[in-house]
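Here are the chains, one letter per residue:
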Amino acid sequence: MPHDEHSGEGDDSRRERRANSSPESLRRLRDRVKQHIDYRSFYLRYCHEARQSGTRLQSLCPIPSHAHSGTGHPSLSIDLQQGLFNCFSRGEGGDAITFYELMHGVSFGQAVLELSRELGITAGQKSERPSLAQRAAPDAEAAEAESFEPLDAERMRAACERFLKVCRAEDQLEGINYLARRGIDSATVRRAGVTYFPRRAYRRVMRRMLDHFATEELQRGGLFNRKAHLTFYHHRLLFPFLVEGRARYLQARTTAAGVEPRWHNMRGGVPSLYNVDALASAPSGSVVYLVEGFTDTLTLVTHGFTAVGLVGAGGLKEDWLAPLGRFSVVAALDPDDAGRRAAARYKEMFARRGMKLSSISLATDVNDFFRQRPSASLEFQLLTETALEMTNAE
Ligand SMILES: [Zn+2]
């Protein structure tokens, strides 16, 4: 969601711009841009048909204000060692910053800032503060473990629930749309307590959390890092683990392309199966699906099935089996090696407790299956019946 990813930066970019706007700091930044820039790839980005001879490029001139016909002789000459360009036809030349200004119609200051950001020049000088994203980055695991005592379950619950409440006051639309595109309806989203906040609300969410908790407590829960920033910066679609209606833990995913890792969570381990509360209201003997991840779980819930989710194929814990005892459990794990291995291992785990586990193998994950097939529900039901018959025949 490009809109979502850009709209939230305002605050920080503006501050950066102010901090860098003195002529002196701009000149310093310009010098650093020139130290880091690769002139060849910079100019080739604009001059696709340039020809290189020695340390020079010769190209048709792309500068918009020159309004070249594009059919004449290449009039632009670039000195790759000095990084200087010259258009013989219009008698205009200069350095890479000037070239950038002309190409994008921006001021010198803007050109320097945009190029420095592109080159990742942020730290190292007083006037250049690290970006908000950098300040929000989760602590390295080792550093986190040695500095903070984990929160007890009650405070963890309090932090989770407050976090969800604070975020729920923000605009949910982008989160709901993201899940809707994956075929998960808004009623399911609401029931599962899935909550979102847009990036533009990041600072407000952070402040509201600080209204209710000491920084240290938030750090102990992994919501804040050692720089006292909320770590849920890229990851703002929150999936709570509800146990008896209360959030005990949460994981969040990014809704933007290109962010790795895709997931972020509070400190500590996953406390239960995802959507475990669904078991309380399901009748004994009914079918319960065991799937991987939040999306697959909520996809099945959207289509009226009862499902619980594992975080990763191998995440099932022995302690979680007892509440499954009164159901017909059917695993629908991902069709990869990890999924197949896990299904086989869980079958043994179930058997040791005198329980049975059936298994469905789809060609794709559950979410894709439902998105790609108009009659997915019916097919899924038929596959389930076959799987249960096979288990009973064993
Ligand atoms: Zn020109």
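Residue positions are counted from 1 within each chain, in the order its sequence is given. For a predicted model such as this one, the threshold for reporting local features is a pLDDT of at least 70, and the threshold for listing and counting side-chain atom pairs is 80 or more; totals across whole chains, interfaces and linings nevertheless cover every residue.

A word on the pairing of strand E3 (residues 76–79). A one-sided burial pattern is seen for E3, the buried positions being Leu76 and Ile78 and the unburied ones Ser77 and Asp79. A pair of strands is treated as paired once DSSP finds two or more bridges between them. The helix count covers DSSP runs of H or I at least four residues long, the strand count covers runs of E at least two residues long, and both are numbered beginning at the N terminus. Of the strand pairs in this sheet, strand E2 (residues 56–59) and E3 are connected by four bridges, and their pairing is antiparallel. Bridge pairing links leucine 57 to isoleucine 78 in E3. Note: E3 against strand E4 (residues 84–87), four bridges, orientation antiparallel. Considered in E4, the bridge of leucine 76 is made with cysteine 87. Hairpin connection of E3 to E4: four residues between the antiparallel strands, including glycine 83 at a positive phi of 75 degrees. Put simply, a residue is buried when 20 or more other C-beta atoms lie within 10 Å of its own C-beta and exposed when 12 or fewer do; between those, it is partly exposed, and each C-beta is set from the backbone.

As for its placement among the helices and strands, histidine 234 is situated in the loop between helix H13 (215–220) and strand E7 (235–243). When the C-alpha positions of histidine 234 and threonine 255 are compared, they lie 8.1 Å apart, and in sequence the two are 21 residues distant. By definition, residue pairs are in contact when their C-beta atoms, positioned from the backbone, come within 7 Å. Filtering out sequence-adjacent residues up to four positions away, histidine 234 remains in contact with Thr254, Ala256 and Val259.

Right, let's get into the sheet that holds strand E6 (residues 195–196). Spatially, E6-E7-E8-E9 is the arrangement adopted by the four strands of the open sheet, whose pairing is antiparallel. Each edge of the open sheet is held by one strand with a lone partner, namely E6 and strand E9 (263–265). In terms of strand pairing, strand E8 (residues 246–254) meets E9 through three bridges, oriented antiparallel. In the sheet register, glutamine 251 faces E9, and the bridge partner there is asparagine 265.

This part takes up the packing of helix H3 (residues 23–36) against helix H6 (residues 108–118). Two elements in contact, H3 and H6, have axes separated by 9 Å at closest approach and are oriented at 45 degrees. In terms of axis orientation, H3 runs oblique to H6. Classified by chirality, the crossing of H6 by H3 is left-handed. Residues Leu26, Leu29, Arg30, Arg32 and Val33 of H3 form the contact with H6, whose own contacting residues are Gly109, Val112, Leu115 and Ser116. Residue polarity follows a fixed list, in which Ala, Val, Leu, Ile, Met, Phe, Trp, Tyr, Cys and Pro are nonpolar, Asp, Glu, Lys and Arg are charged, and the others, Gly among them, are polar. Across the contact of H3 with H6, the residue classes break down as five nonpolar, two polar and two charged. Each axis is a line fitted through C-alpha atoms, taken for helices only over the stretch in contact, and angles between the N-to-C directions span 0 to 180 degrees. The scheme is simple: roughly parallel for angles under 35 degrees, roughly antiparallel for over 145, roughly perpendicular for 65 to 115, oblique for anything else. The sense of a crossing depends on the near helix, which, turned anticlockwise from the far helix by less than a right angle, makes the crossing left-handed and, turned clockwise, makes it right-handed.

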